[in-house]
Amino acid sequence: MAALQKPNSQVELTIGFILIVILVTFQVTLRDLALPEVQPSDSTSFSANRALVDLKALNPDSKPHPGGSAQNERIGNAIVDKLVSLGYQPDIQEQFYCNEYSNVAVECMTVRNIVVHIPGKKPQENVLLSAHYDSVAAGPGAADAGVAVGTLLEVARLMKDRPQSNIGMVLLFNEGEEDGLFGARAFTQHHPLAKQVKLALNIEARGSAGYSVLFETGTNSGELVKTYAAQMTPIWTNSLFGEVYRFMPNFTDFNEYHKLELPGLNFANAEMEPHYHTPLDNFDNLNLQTLQHHGDNVWLFLDAILEREDLAFKKENIVFTDLFGWLLIYWANGTTMLLLGISSVLLVASVYAARKHKQATIKGVLAGWLTVLALVLLCAIFAQVWQLVVQTLTGTGPWRSSIIAISLSIWFICGFVLLLFGRLFAKKLTSMDLHLGLLTFFLMFAAITAVLAVGVSYLFIIPLLVILPITTIMLFVHRDNAEPLVWSYRLAICVVLFVFYPVIQIADILFSYNLSAFQGLIWGCIFASLLSAVPVKEVPVKKLRRLFLVFSVIFLAATFIQKPFTENKPQGLNLQYMEDDSTASVIAGVPRKKLAPELRQALPNLKVDTPFAWEQQRYRVEQSESQQITPHIQLESQLIDNQLHLGIDAQQGHNLLNVKVYFAADSKLTEIVSREHQHVYDPQTTKHRDMLSYSCLGYTCANLNLVAHFSEEPKGEVLVVASYMGLPKSKQHLIEARGKRSVPRNQGDLTMSVKSITLGTSGSQE
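Residues numbered from 1 in each chain as written. Predicted model: local features only at pLDDT ≥ 70, side-chain atom pairs only at ≥ 80, totals over all residues. Heavy atoms only, no water.

A. Quick peek at a nonpolar patch on the surface. Together, L377, I381, V385, V389, L393, L521 and F560 give the surface a local cluster of nonpolar side chains, amounting to about 600 Å² of exposed area. Per element, the largest residue contribution to the nonpolar patch is 5 residues, and it comes from helix 12 (residues 362–394). Within the secondary structure layout, F560 lies in helix 18 (residues 541–561). (Patch = residues over 30% accessible without salt bridge, like charges linked within 9 Å, V, L, I, M, F, W, Y side chains within 5 Å. Areas by Shrake-Rupley, 256 points an atom, 1.4 Å probe, with all protein chains shown as cover. Salt bridge = Lys/Arg side-chain N within 4 Å of Asp/Glu carboxyl O. Helix = DSSP H or I, 4+ residues; strand = E, 2+ residues; numbered from the N terminus.)

B. Summary view of the packing of helix 3 (residues 70–85) against helix 4 (residues 146–160). One way to put it is that helix 3 packs onto helix 4 with a least axis distance of 10 Å and a crossing angle of 15 degrees. With respect to helix 4, the element helix 3 is oriented roughly parallel. Relative to helix 4, the crossing made by helix 3 is right-handed. Residue-level contacts link I79, K82 and L83 of helix 3 to V149, L153, A156 and R157 of helix 4. Among the residues making up the contact of helix 3 with helix 4, the classes are represented as 5 nonpolar, no polar and 2 charged. (Axes fitted to C-alpha atoms, helices over the stretch in contact; angles between N-to-C directions. Parallel < 35°, antiparallel > 145°, perpendicular 65-115°, else oblique. Left-handed = near helix turned anticlockwise from the far one by under 90°. Contact = heavy atoms within 4.5 Å. Nonpolar A, V, L, I, M, F, W, Y, C, P; charged D, E, K, R; others polar.)

C. Structural context of the sheet that holds strand 19 (residues 677–680). Reading across the sheet, the 5 strands line up as 15-16-21-18-19 and stay open at both edges, with antiparallel pairing between neighbours. The sheet is open, and its two borders are formed by strand 15 (634–640) and strand 19, each paired with just one other strand. Strand-to-strand twist in this sheet, taken as the mean axis angle between neighbours without regard to direction, amounts to 20 degrees. (Pairing = 2+ DSSP bridges.)

D. Summary view of unusual backbone geometry. The amide bond that connects D144 to the next residue, A145, takes the cis arrangement and shows omega of 0 degrees. Structurally, the position occupied by A145 is in the loop between strand 3 (126–132) and helix 4. The backbone phi angle of L181 is positive, close to 60 degrees, even though this residue is not glycine. Its location among the elements puts L181 in the loop between helix 5 (177–180) and helix 6 (182–190). Relative accessible area serves as the criterion here: at 1%, L181 is assigned to the buried category. Of note in this structure, K358 is not a glycine but carries a positive phi near 60 degrees. With respect to the helices, strands and loops of the structure, K358 is situated in the loop between helix 11 (336–356) and helix 12. Judged by relative accessible area, which is 70%, K358 ranks as exposed. (Buried < 20%, exposed > 50% of the residue type's maximum accessible area, 1.4 Å probe, protein only.)

E. Fine view of the state of the cysteines. Scanning the model with the defined rule gives 2 disulfides in all. A sulfur-sulfur distance of 2.1 Å marks the disulfide that ties C98 to C108. Here the S-S torsion is close to 110 degrees, and the disulfide linking C98 with C108 is therefore right-handed. A residue pair is termed long-range when its members are at least 10 positions apart, and C98 in strand 1 (residues 91–101) and C108 in strand 2 (residues 105–118) qualify at 10 residues. The residues C98 and C108 share a single accessibility class, namely buried. Two residues share a disulfide in this structure: C696 and C701, whose sulfurs sit 1.9 Å from each other. Residues C696 and C701 share a disulfide whose torsion about the S-S bond is about -70 degrees; that sign makes it left-handed. What makes C696 buried here is its relative accessible area of 0%. Counting only the cysteines that take part in disulfides, in the order they occur along the protein chain, gives the pairing 1-2, 3-4. (Disulfide = S-S within 2.5 Å.)

F. Representation of the packing of aromatic side chains in the model. Scanning the model with the defined rule gives 20 aromatic pairs in all. Considering the side-chain rings of Y97 and F182, the 6.4 Å spacing of their centres and the 85 degrees angle between planes classify their relative orientation as edge-to-face. Here F182 lies in helix 6 and Y97 lies in strand 1, a separation of 85 residues in the sequence. Of the two residues examined, Y97 and F182, each falls in the buried class. Ring centres of F441 and F445 lie 4.7 Å apart, and the angle between their planes is 50 degrees; on these two criteria the pair is classed as tilted. (Phe/Tyr/Trp six-rings, centres within 6.5 Å; stacked < 30°, edge-to-face > 60°.)

In structure tokens:
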């Protein structure tokens, strides 16, 4: 057998990195071209321009409108008026609904769901189109979930011009999603139309821009995904999103439809995440192409299914991903094991041929597999360590304002790991050992994900099914010629990058490099594909060390020079004023938050402390003179036969956000009765809790009466906290001092009035 030529290390290294740069540029450019053009207001199809006009009419002052607030009630009324003007007769579902959490906490809200039924020719065949119309207290919610509300209103308009379809539609504008899916739960559990729904579509937002991504599917939704992909070009979706989302502490209304085992699709956009749940989620920042993309996704899908005879779709779940946004690759979940079997046979054939022609050994392939595994793990570890170093030295992460520095850093780290540790591990291995080791690594993780998270398995199965047949053919046909085998190594780089890089993109958007280890894992897989094409054992170590030192200094310098936050990409920083009968304090975020010099000057005596008796989180706190704020809560309480009768007046007209009542975990609390609802507290599940709680959300909680039952005579304190949106007038100067690079987020700035009740043998005393 003729000796095989060894690839030139410099040439192959250059080719490998050039391929990565070209393919990344191609992918990014292709995605940037994916957003649709905004249709004009006179269009006969979905128009984001028309939807935006409707949204601005609902909330002309662009005010926050959390669930249960008077402002959200006004927006709900405006939605009803709009639907009536279109010729519909909305049904208002008003429901006092409570979420109970492990018998230690209860949260209640009076929700107003707006429901429109557009009947089809088949009365029992209906598709649910869902959007929540509440925002968080910190921002006006133009995207979250204004894009969803605008989409539903535009769909309602388009349906009026359409002849009656076979399939009916239920439009659900629900309230209270941000605080705990109150509206969706009230609808699915109590509204009669919920039993007539066979399919659910939901729209969400985690930023003010970006593609409308199909990121989650319901039960047996394989045919729905294929139907959607057939109607829409381009598409951005894969089954990995849904698998990852299951393990995240996030939730949308779609969770409730999933519990009913409904097939369905959940769409969301997630770019410009720094605007999410802040005042910057406003109409000025809302990307109209994003709204258009949501509308196109929903309307084209509806157009494809409304004339079906029924909604009895084939019951199957699929593994899927888009290719460049233009093609859907998929297979049934049950087919995954077959594909694993085919990949295993091809891998065995490749190892046999490589061993027969003395290009690899079984021992070498196993060593190659261990080398790839080690490099991928090292990339993840180094990336996370780099993030911690940057956060420690700067006090925060700089990638909120721009991820370029940290992104290039992780590229560099993974390249360094490849060259330095690859040189160490691959010293006695052939290129084919490393190539087959990479494929063995993919086969192992394909098997693991097929069992634990089948939606992720395409990341490994697609490269196996593309690379293995070509490698096997090359080994049998061109066993004495190195050049075709080198091209199979280059193919591996391309295929791995095409499959893995979209995951990098979505991770950048969702995590902003706050989970650098995850990015390190993905980039580790990509760079590991270079191993077989690049003879890393020939790389000069001294030059590599100098290169590492130079780049480390450059990236650290860039990190220090770069501003961590900007006015358009700010940090979230809530200011809170809390007052009880004798003391008052100002809370200025957790210690890791960056404070503007003006805010530090306005609050010169900040100390780190735990100001809230009901949680152990540490904050920056400054004691303040009591302002005798208005509003403030008034209590009436009486303890009779181990029952605490508690009346709370939180003064309705002052932007009341919620009222919360806290009991000590050892208070022997067994149940609370409020508004004819009974809530049980289990002593067995409260042993490791400091406080038990009852919360009522919204302005209707201003006058609250409840009865707390105890198993024996209680002692200790009961805390009652009323939270109001915004700061008192005497503290308004702190808002300007906070600066424009920090904004309120989620619940936003709050004024809290706290009262306590001391329980004892002679009754209760404030």
